[in-house]
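Analysis of the macromolecular model
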Amino acid sequence: MLSGTSALLSAIASVDRDRGEAVLATVVKVAGSAYRRPGARMLIPLYGGTVGTISGGCLESEVAQKAWWLTDGGEAVIRRYSTATQDDDDDQDAALTFGLGCNGTVYVLLERHSAQQPLAALDLLRLVRESGQAGAMATVIASYRNARVKVGDRLMLHPQRQDAARLPDTALEQRVREDLVTTLAQGHSTLRTYHDGRGEVEVFCEYLPPQRRLVIFGAGHDAQPLVHMAKLLDWHVTVVDGRSHFARAERFAEADAVLAVDTRQPYALLPLTDGALVAVMTHSYSQDRHWLGGVLQGAPLYVGQLGPRERTERLLGEIGAQATPMPALDRLHYPIGLDIGGDTPESVATAILAEMTAALNRRDGGMLKHRRASIHAPTPLDCSDIEPATRLSAS
């Protein structure tokens, strides 16, 4: 079963094959507390159920019911939803209030898509997924009256895309393009406001990351729930083992690739493990030494070694005795996983994926009740005043 962006792209492909239509709902701004962050998407086909989520379940039905008539004119629109308590919301005419008491406001962009008039944003999502390279996309989410740009106008950036959409305002386009380069380099989304003598234009500069890759060394029974749970996160999963009777595709039907690789040969999988999350869990001492020694020579995002601490330190000692360089040693986690106390294959997989996610988000994996800061980091704001010589033009 597909999830995340994979499910969204599959649904879009189905709509296009049937020459159908759909509305794409995208969270572009959040104020206060919200379940999903900017960049969350949901597809609303004309026929059939929705795909994806933009909240914890409280907004989806309302958005799906109203999306078609809100976009009936063909133009992109922004809809604002408040999760404040009904009595506390002082702007009920401007935002649909759900009275959940979460004190958050979610801004959702609604756009029509069809095979005849496809959304360029969806083409970029597909390109990022197929190429494995990150992209960046700027979307106008607010503009002043009579501005040359309107809600839904876009500028896109990707190493393989040279025909990015252009903004109908050259001064704004130049500045937004520069900020998109920064977005791509820094690897996170921002909300930016551009000023001229007549008003403001608000733009969501979105970072579109490539699909996360997980490489599991070890095709034992405990790798099966890890594969399943990683696919629920919409990660690309490769299983590798030196034992061909373990590394069989039928044992890991959900995996994207299952490889039987001879451990008697030098390690040659750096292109696979560099930039990936890696779990070494073969339950074979000689295999673990081979795979761990190879992975640590490269540049993985995360490496986890299953087994007792003493066993891993013995592995490291033997790897180091071979004068093997280990530049990725600072990314090694052992014993792998968070301390949640479970010992079944499913609970071990949960602990492993939880630690990987925490490491990716630079968190320590502690209980949220002990966290004093906000659960989610806010989308950074940037007010980008344009110099008078290159002020935004307005009709």
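Here goes a summary of the coordinates provided. (Residues numbered from 1 in each chain as written. Predicted model: local features only at pLDDT ≥ 70, side-chain atom pairs only at ≥ 80, totals over all residues. Heavy atoms only, no water.)

1. Here we look at the environment of Glu355
When you line up the elements, Glu355 lands in helix H9 (residues 345-360). Among the residues examined, Glu355 registers a relative accessible area of 12% and is labelled buried. In this structure, the C-alpha to C-alpha distance between Glu355 and Ile336, residues 19 residues apart in sequence, is 7.9 Å. Those residues within four positions of Glu355 in sequence are excluded, and the remaining contacts are Tyr302, His333, Ile336, Gly337 and Leu338. (Helix = DSSP H or I, 4+ residues; strand = E, 2+ residues; numbered from the N terminus. Buried < 20%, exposed > 50% of the residue type's maximum accessible area, 1.4 Å probe, protein only. Contact = heavy atoms within 4.5 Å.)

2. Let's talk about the pattern of salt bridges
All chains considered together, the criterion is met by 19 salt bridges. Linking Glu111 and Arg154 is a salt bridge whose minimum nitrogen-to-oxygen distance equals 2.6 Å. Here the residue Glu111 occupies a position in strand E6 (residues 104-114), and Arg154 occupies one in strand E8 (residues 154-157), the gap between them amounting to 43 residues. Each member of the pair Glu111 and Arg154 is classed as buried. When the shortest N-O distance is used, the salt bridge between Lys150 and Asp153 registers 3.2 Å. For Lys150, a relative accessible area of 43% translates into the label partly exposed. The class of Asp153 is buried, set by a relative accessible area of 13%. Bridged by salt links that share partners, the residues Arg166, Glu173 and Arg177 form one connected network. (Salt bridge = Lys/Arg side-chain N within 4 Å of Asp/Glu carboxyl O.)

3. Overview of helix H4 (residues 170-186)
In this model, H4 (17 residues) spans 24 Å end to end at C-alpha, consistent with the 24 Å of a helix rising 1.5 Å per residue. Among all positions of H4, only Ala171, Leu172, Glu173, Val176, Asp179, Leu180 and Thr183 are buried. The backbone nitrogen of Ala171 has a side-chain oxygen 3.2 Å away, supplied by the residue at the start of H4, namely Asp169. Immediately downstream of H4, the backbone of Gly187 shows phi near 75 degrees, a positive value. (Expected span 1.5 Å × (residues − 1). Polar contact = N/O pair within 3.5 Å; in protein donor to acceptor, adjacent residues only side chain to side chain.)

4. Remarks on the sheet that holds strand E11 (residues 213-217)
Read across the open sheet, the six strands follow the order E13-E12-E11-E14-E15-E16; overall the sheet is parallel. Each having just a single partner strand, strand E13 (257-260) and strand E16 (332-333) make up the two edges of the open sheet. For strand E15 (residues 302-305) and E16, the ladder comprises two bridges, and the chain directions are parallel. Within E16, the residue paired with Val303 across the bridge is Leu332. (Pairing = 2+ DSSP bridges.)

5. Section: the side chain of His158
Of note, His158 is situated in the loop between E8 and H4. A polar contact is formed between the side chain of His158 and the backbone oxygen of Gln133, at a distance of 3.2 Å. Ignoring anything within four residues of it in the chain, the contact list for His158 reads Leu124, Leu127, Val128, Ser131, Gln133, Ala134 and Gly135.

6. Observations concerning helix H7 (residues 285-295)
Turn by turn, an α-helix covers 3.6 residues, leaving residues three or four places apart pointing in a common direction. The buried fraction of H7 is high, at eight of eleven residues. By the burial criterion, the buried members of H7 are Gln287, Asp288, His290, Trp291, Leu292, Gly293, Gly294 and Val295.

7. Considering the packing of aromatic side chains
Going through the model one piece at a time under the given rule, you end up with three aromatic pairs. Here the aromatic rings of Phe217 and Tyr267 are separated by 6.4 Å at their centres, their planes lie at 55 degrees, and the arrangement is tilted. Residue Phe217 is found in strand E11, and its partner Tyr267 is found in the loop between E13 and helix H6 (270-273); the two are separated by 50 residues along the sequence. Classification of Tyr267 by relative accessible area gives buried; the value is 17%. With centroids separated by 6.3 Å and ring planes inclined at 70 degrees, the aromatic side chains of Tyr267 and Trp291 adopt a geometry described as edge-to-face. Here Tyr267, found in the loop between E13 and H6, pairs with Trp291, found in helix H7; they are 24 residues apart in sequence, far enough to count as distant. The two residues Tyr267 and Trp291 agree in class, both being buried. Here a set of aromatic residues connected by ring pairs shows up, and it is made of Phe217, Tyr267 and Trp291. The side chain of Lys29 reaches across the aromatic face of Tyr107, ending 4.9 Å from its centre. A cation sits over an aromatic face here: Arg251 above Phe246, 5.6 Å from the ring centre. (Phe/Tyr/Trp six-rings, centres within 6.5 Å; stacked < 30°, edge-to-face > 60°. Lys NZ or Arg CZ within 6 Å of the ring centre and 35° of its normal.)

8. Here's the deal with the environment of Leu109
If you trace the backbone, Leu109 turns up in strand E6. Of the residues examined, Leu109 reaches a relative accessible area of 0% and is grouped as buried. Taking the C-alpha atoms as reference points, Leu109 and Gly152, 43 residues apart in sequence, are found 7.8 Å from one another. Apart from residues no more than four positions distant in its own chain, Leu109 is found in contact with Leu24, Ala25, Thr26, Val28, Ala76, Val77, Ile78, Thr139, Val151 and Arg154.

9. Section: the environment of Ile78
Mapped onto the elements of the fold, Ile78 is located in strand E4 (residues 77-82). Along the backbone, Ile78 and Val28 are 50 residues apart, and their C-alpha atoms lie at a distance of 8.9 Å. Ignoring sequence-local partners within four residues, the contact set of Ile78 consists of Val28, Tyr107, Val108, Leu109, Ile141 and Val151.

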